[in-house]
Amino acid sequence: MCLNMKVSGDKMGRLRLGVMVLMGLISCWAMAMQPADKLIEKLNHINTIKAHFNQVVHDDQGRIIQESQGTMKLTRPKLFYWQIDEPSNQLIVADGSVTWTYDKDLEQVVKR
């Protein structure tokens, strides 16, 4: 946006400048929101997502303190599946009202 305006010391000039600045800010905000709106529109048509992941946790010095791998799945409206294969075998399953966490190494299931 190009702003080419002579501002005098009167109140009208300051008001015009304020309105122009406000319009510019609103315009920038609207342009910044467009990519997010496009992403939301695309995601609204997706019912199932499946992905394999590698998760790396770093300490304050940037050193790797933990790495894990697994699979996640989401199915609309409420199904969730999260499985960690390495290093600890853990499975989390949710159906929208109950979440089950199974830890294979501990041979334990927690229901919430």
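That block above? That's the structure.
Nothing here was measured: the structure is a model prediction, and the numbers come from that model. (Residues numbered from 1 in each chain as written. Predicted model: local features only at pLDDT ≥ 70, side-chain atom pairs only at ≥ 80, totals over all residues. Heavy atoms only, no water.)

Student: Would you mind going over the pairing of strand S6 (residues 108-111) with me for this structure?
Tutor: Examined bridge by bridge, strand S5 (residues 99-103) and S6 share 4 bridges and lie antiparallel to one another. Residue pairing in the sheet places Asp103 in a bridge with Gln108 of S6. (Pairing = 2+ DSSP bridges. Helix = DSSP H or I, 4+ residues; strand = E, 2+ residues; numbered from the N terminus.)

Student: Would you explain the packing of aromatic side chains in this entry?
Tutor: The geometry of two aromatic rings is summed up by the distance between their centres and the angle between their planes. A full pass over the atoms with the stated rule returns 2 aromatic pairs. Measuring from centroid to centroid gives 4.4 Å for Phe53 and Trp82, while their planes differ by 25 degrees, and the two rings are stacked. Pair noted here: Phe53 is in strand S1 (residues 48-58) and Trp82 is in strand S3 (residues 79-86), with a separation of 29 residues, a long-range link. Seen in terms of ring centroids, Phe80 and Trp82 are 6.3 Å apart; in terms of plane orientation they differ by 15 degrees. Their pairing is stacked. In this structure Trp82 comes out as partly exposed when scored by relative accessible area, which is 25%. What links up through ring pairs into an aromatic cluster is the set Phe53, Phe80 and Trp82. In this structure, Lys73 is placed above the aromatic ring of Tyr81, and the distance from its NZ or CZ to the ring centre is 4.8 Å. (Phe/Tyr/Trp six-rings, centres within 6.5 Å; stacked < 30°, edge-to-face > 60°. Buried < 20%, exposed > 50% of the residue type's maximum accessible area, 1.4 Å probe, protein only. Lys NZ or Arg CZ within 6 Å of the ring centre and 35° of its normal.)

Student: What exactly am I supposed to notice about the pattern of salt bridges here?
Tutor: Enumeration according to the criterion identifies 1 salt bridge in this entry. For Arg63, the salt bridge goes to Asp59, with nearest N and O atoms at 3.0 Å. In this structure Asp59 comes out as partly exposed when scored by relative accessible area, which is 23%. (Salt bridge = Lys/Arg side-chain N within 4 Å of Asp/Glu carboxyl O.)

The quantities given are spatial measurements derived from coordinates; they are silent on function.
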